[in-house]
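Structural overview for review
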Amino acid sequence: MTRLTGTALRVTIFIGESDLWHHKPVYTEIVHRAHKAGLAGASVFRGIEGFGASSLIHTVRLLSLSEDLPVAIVIVDDEERIRAFLPQLDELVTEGLVILDECEVIHYAGREKSK
């Protein structure tokens, strides 16, 4: 069981839903690598509207632009573990934004595995 309490580091990765790594979504690869690295957890959030460096607005309201909606992947763990994971993001994120910010974790408790 993983428990985090106190100060932690949050990494938020903003990419496009259609970004691929070896024919599969980049967000899927990030989550699987975070899991393999033993990080406390990762969540993927699909945006309903947004724009980035291209200044092109992607939205669910326009069918022609709804193919590349914004996606945010959020991972929280202690600073040392997050910083050790950053080289993985360097490899995977070719277009996007990675934000690191200090946060305080009130309580995190993983589920115990069934026997």
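A quick note: this is a predicted structure, and the numbers were derived from the prediction, not measured.

**So, the nonpolar core**
Ranked by size, the top nonpolar core spans 18 residues in total, and within it Ile-13, Ile-30 and Ile-75 carry the most contacts. Sort the elements by how many residues they give to this core and helix 2 (residues 79-92) lands first, with five residues. With residues up to four places along the chain from it excluded, the contact list for Ile-75 reads Leu-9, Arg-10, Val-11, Ile-13, Ile-30, Ala-34, Leu-39, Gly-41, Ala-42, Ile-82 and Phe-85.

**Overview of the layout of surface pockets**
A volume near 480 Å³ is recorded for the largest pocket. If you trace the largest pocket, you find 18 residues lining it, with Ile-15, Gly-16, Phe-51, Gly-52 and Ala-53 closest to the centre. Of all the secondary-structure elements, those providing two or more residues to the lining of the largest pocket are strand 1 (3-16) and strand 7 (70-77). Looking at the lining of the largest pocket element by element, the count peaks at three residues for strand 1. Taken together, the residues that form the lining of the largest pocket break down as nine nonpolar, six polar and three charged.

**A short note on the pattern of salt bridges**
Applying the stated criterion across every chain, the model contains seven salt bridges. The partner of Arg-10 in a salt bridge is Asp-101, with the nearest N and O atoms 2.7 Å apart. Here the residue Arg-10 occupies a position in strand 1, and Asp-101 occupies one in strand 8 (residues 97-109), the gap between them amounting to 91 residues. Relative accessible area serves as the criterion here: at 30%, Arg-10 is assigned to the partly exposed category. We classify Asp-101 as partly exposed; its relative accessible area is 25%. Salt-bridge contacts for Arg-83 lead to Glu-79; the nearest nitrogen and oxygen are separated by 2.8 Å. Pair noted here: Arg-83 and Glu-79 are both in helix 2, with a separation of four residues, about one helical turn. With a relative accessible area of 41%, Glu-79 lands in the partly exposed category. One salt-bridge network, held together by shared partners, links Lys-24, Glu-29, Arg-33 and Glu-91.

**A few points about the packing of helix 1 (residues 26-36) against helix 2**
Close contact between helix 1 and helix 2 brings their axes to 11 Å; oriented N to C, the two are set at 160°. Between helix 1 and helix 2, the interaxial angle falls into the category roughly antiparallel. In the packing of helix 1 onto helix 2, the handedness of the crossing is right-handed. Contacts between helix 1 and helix 2 involve Val-26, Glu-29, Ile-30, Arg-33 and Ala-34 on the former and, on the latter, Phe-85, Gln-88, Leu-89, Glu-91 and Leu-92.

**Thoughts on helix 1**
Residues of helix 1 that are buried include every one of Val-26, Glu-29, Ile-30, Arg-33 and Ala-34, and no others. Looking straight down helix 1, one finds that the buried residues subtend no more than 130° of arc, so they occupy a single side. Structural note: helix 1 exposes His-35 and Lys-36 on the side pointing more than 90 degrees away from its buried face. Two residues or fewer after helix 1 comes Gly-38, characterised by a positive phi angle close to 80°.

Parameters at a glance
- Residues numbered from 1 in each chain as written.
- Predicted model: local features only at pLDDT ≥ 70, side-chain atom pairs only at ≥ 80, totals over all residues.
- Heavy atoms only, no water.
- Core = buried A, V, L, I, M, F, W, Y, C linked by side-chain atoms within 4.5 Å.
- Buried < 20%, exposed > 50% of the residue type's maximum accessible area, 1.4 Å probe, protein only.
- Helix = DSSP H or I, 4+ residues; strand = E, 2+ residues; numbered from the N terminus.
- Contact = heavy atoms within 4.5 Å.
- 1 Å grid on protein atoms, 1.4 Å probe; cavity = no way out; pocket = protein on both sides within 12 Å on 5 of 7 lines; lining within 4 Å.
- Points joined across faces, edges and corners; volume = space filled by probe spheres on them.
- Nonpolar A, V, L, I, M, F, W, Y, C, P; charged D, E, K, R; others polar.
- Salt bridge = Lys/Arg side-chain N within 4 Å of Asp/Glu carboxyl O.
- Axes fitted to C-alpha atoms, helices over the stretch in contact; angles between N-to-C directions.
- Parallel < 35°, antiparallel > 145°, perpendicular 65-115°, else oblique.
- Left-handed = near helix turned anticlockwise from the far one by under 90°.
- Arc of directions from axis to C-beta.

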